[in-house]
Amino acid sequence: GAVVSQHPSWVICKSGTSVKIECRSLDFQATTMFWYRQFPKQSLMLMATSNEGSKATYEQGVEKDKFLINHASLTLSTLTVTSAHPEDSSFYICSAHRGLSNQPQHFGDGTRLSIL
Amino acid sequence: AQTVTQSQPEMSVQEAETVTLSCTYDTSESNYYLFWYKQPPSRQMILVIRQEAYKQQNATENRFSVNFQKAAKSFSLKISDSQLGDTAMYFCAFMKPLYNFNKFYFGSGTKLNVKP
């Protein structure tokens, strides 16, 4: 149990376009989802925390208008990178949480985003 | 704020031998959880082992065990009988349970190379 599906796994697009990444909890309801960014050979950097039905909470330094997060249902959160530029190229990982404070987060497989 | 420190950027071990990865953390919390995650080249985040701070007994999962020293705020991972498939980045994570979700703080990671 506790499977998180992230799609797409890899996307290449031109500079200036917007890209949407989906994160789905397949077999449980996720009251909270997290979005991380990971640079090569570095740790995961938390970008934002989203709770179902409410606005996401962004970490300091993360541009809200650049990285739009929507958590419309208990099984789906989306991250949209708007007007993407080469510096937005990175590996993005989502995770989902059931809502019980003693439970770990369950991670998706990540999305490799390359902006040309 | 919580900080997690992994002081070993990279380690190597011969197949079948034992290796220990270090992790220290800083917190004023009394109720928390600690995790070790493995990230192989595929970049999936795989939960290796977890430890509840209120438990004195060290967690074990097959070849993986931890040495949890609460007073010293130390949480090391021991991998016995190392296998080639253990080659990966290993992240130590501190989890602070909040009201209805949790927040993870990750260390910078240790790259483990298992040599044949």
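See the structure shown above.
Residues numbered from 1 in each chain as written. Chains lettered and ligands numbered in written order. Predicted model: local features only at pLDDT ≥ 70, side-chain atom pairs only at ≥ 80, totals over all residues. Heavy atoms only, no water.

S.K.: Can you lay out the interface of chain B and chain A for me, pointing to particular residues and giving the numbers?
M.R.: The partner chain A presents 25 residues to the 22 residues of chain B that form the contact. Both sides of the chain B and chain A interface together cover about 1900 Å² of buried area, and 53% of this is carbon and sulfur. The set of elements that each furnish at least two residues to the side of chain B that touches chain A consists of strand E5 (33-39), strand E6 (46-52), strand E10 (88-97) and strand E11 (102-106) of chain B. Counted by class, the side of chain B that touches chain A contains 13 nonpolar, six polar and three charged residues. (Contact = heavy atoms within 4.5 Å. Buried area = accessible area lost by both parts, 1.4 Å probe. Helix = DSSP H or I, 4+ residues; strand = E, 2+ residues; numbered from the N terminus. Nonpolar A, V, L, I, M, F, W, Y, C, P; charged D, E, K, R; others polar.)

S.K.: I'd like a description of the side chain of Thr-111 of chain A, backed by residues and values.
M.R.: Within the secondary structure, Thr-111 of chain A sits in strand E11 (residues 111-115). A polar atom in the side chain of Thr-111 of chain A sits 3.0 Å from the side chain of Gln-6 of chain A. (Polar contact = N/O pair within 3.5 Å; in protein donor to acceptor, adjacent residues only side chain to side chain.)

S.K.: An account of the sheet that holds strand E1 (residues 4-7) of chain A is requested, with residue identities and associated values reported.
M.R.: All names here are of chain A. With antiparallel pairing, the four strands of this open sheet are ordered in space as E1-E3-E8-E7. Edge positions in the sheet fall to E1 and strand E7 (67-73), since each has one partner strand and no second. Pairs of neighbouring strands in the sheet enclose a mean axial angle of 15°, with direction left out of account. Bridge count for E7 against strand E8 (residues 76-81) is five bridges, and the pairing is antiparallel. Among the inter-strand pairings, Ile-69 is bridged to a residue of E8, identified as Leu-79. (Pairing = 2+ DSSP bridges. Axes fitted to C-alpha atoms, helices over the stretch in contact; angles between N-to-C directions.)

By themselves, these are just geometric observations and shouldn't be taken as functional.
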